[in-house]
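# Close look at the chain arrangement
In case you want the letters, here they are:
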Amino acid sequence: MDMGIKGKTALVCAASKGLGRGCAMALAAEGVDLVITARGAEALEATAAEIRKLFGVKVTAVAGDITTPAGRAAALAANPDPDILINNAGGPPPGNFRDWDRDIWIKALDANMLTPIELIKSTVDGMIARKFGRIVNITSGAVKAPIEVLGLSNGARSGLTGFVAGLSRKTVAHNVTINGLLPGPFDTDRLKTTIAAAAKNANIPLDEAAERRRKENPAGRFGTAEEFGAACAFLCSAHAGFITGQNLLMDGGAYPGTF
Ligand code: NAD
């Protein structure tokens, strides 16, 4: 299926590895020119080079922390008017809310709520003027069903989701959609870190902890960045202009509800 977005431009945040990288790859495969960001320049340049080689699209790599004003300014300087915006950043740490002070909360809100809102604010009016825009926020299954130890993620990402629920109904008349992609367990560095912590807590080998996590999912496996990217590319496609304000859970069926 031709997604109908060849020649469009995208800003994909936090894209040197994992789910952001999966989204960047899938958009590039559709002929989209990219600005990609990540904190570490080396891995980011390697991803940019790989995408250029595989798909022949223009890729600009901007190293920096997207959760800071300087990081966002650098990303937007590389392309102030993207047609597609993929909001992503590292997730907050786990813990007990009794240990979290205001600074810890502000950091989580900055990363997983206010940064996406700032980037939407900077780009959405240009999209509206051009009558095409696709914004995808990479959030978490924690938006649908809270994960106890990830209270910072539950709170910050739900705040973003609530904000977008309102705005996305205003932009869609201009062919600008905003949706959330909610990952369950995907085979990335982030998941490896979580599994390593679980293995340590349970005093079991890493392989065993990973196998337990795989088995507890109805699919019997973890998702892949390629699968995640393909869903993202569809939400960004010319065919998805009637889908807005939605939150697509990709979790192998782990969420047990009918809806
Ligand atoms: P990952 O650790 O594999 O990759 C993270 C990428 O983001 C890297 O390229 C890193 O350089 C970049 N990055 C992180 N913080 C950044 C920042 N402040 N500025 C710029 N770049 C930054 O992570 P992932 O698994 O791809 O996860 C992506 C998002 O999805 C995270 O917010 C994560 O919490 C969330 N999530 C992931 C899973 C999962 O199973 N993988 C599940 C639920 C939610």
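Our subject is the structure that appears above.
These numbers come from a predicted model, not from an experiment. (Residues numbered from 1 in each chain as written. Predicted model: local features only at pLDDT ≥ 70, side-chain atom pairs only at ≥ 80, totals over all residues. Heavy atoms only, no water.)

## Regarding the nonpolar core
Formed by 35 residues in total, the largest nonpolar core has its most connected members in Val 12, Leu 27, Leu 34, Ile 36, Ile 84 and Ile 86. Of all the secondary structure elements, the ones that give two or more residues to this core are strand 1 (9–12), helix 1 (18–29), strand 2 (33–38), helix 2 (41–55), strand 4 (84–87), strand 5 (133–138) and helix 8 (225–235). Among the elements that take part in this core, helix 1 stands out by supplying seven residues, more than any other. Beyond its immediate stretch of four places on either side in the chain, Ile 36 contacts Val 12, Ala 15, Ala 24, Leu 44, Thr 47, Ala 48, Val 59, Thr 60, Ala 61 and Val 62. (Core = buried A, V, L, I, M, F, W, Y, C linked by side-chain atoms within 4.5 Å. Buried < 20%, exposed > 50% of the residue type's maximum accessible area, 1.4 Å probe, protein only. Helix = DSSP H or I, 4+ residues; strand = E, 2+ residues; numbered from the N terminus. Contact = heavy atoms within 4.5 Å.)

## Here we look at the pairing of strand 6 (residues 176–183)
Each regular strand displays side chains that alternate between the two surfaces of the sheet. A large share of strand 6 lies buried, amounting to eight of its eight residues. Because side chains alternate across strand 6, one face comprises the buried residues Val 176, Ile 178, Gly 180 and Leu 182, and the other comprises Thr 177, Asn 179, Leu 181 and Pro 183, equally buried. Viewed along the sheet, the connection from strand 5 through helix 5 (residues 151–171) into strand 6 turns out right-handed. Judged from the four bridges that link them, strand 6 and strand 7 (residues 247–250) form a sheet pairing that is parallel. For Gly 180, the partnering residue across the bridge sits in strand 7 and is Asn 247. (Right-handed = clockwise from strand over helix to strand, strands pointing away. Pairing = 2+ DSSP bridges.)

## Structural notes on the pairing of strand 4
Residues Ile 84 and Ile 86 of strand 4 are buried on one face, and the alternating residues Leu 85 and Asn 87, pointing to the opposite face, are buried as well. Sheet topology places strand 1 next to strand 4; three bridges connect them, and they run parallel. Paired with Leu 11 across the two strands is Leu 85, which belongs to strand 4. The pairing of strand 4 with strand 5 spans four bridges and is classified as parallel. Paired with Asn 87 across the strands is Asn 137, a residue of strand 5. The β-α-β motif built from strand 4, the intervening helix 4 (residues 102–130) and the parallel element strand 5 has right-handed crossover chirality.

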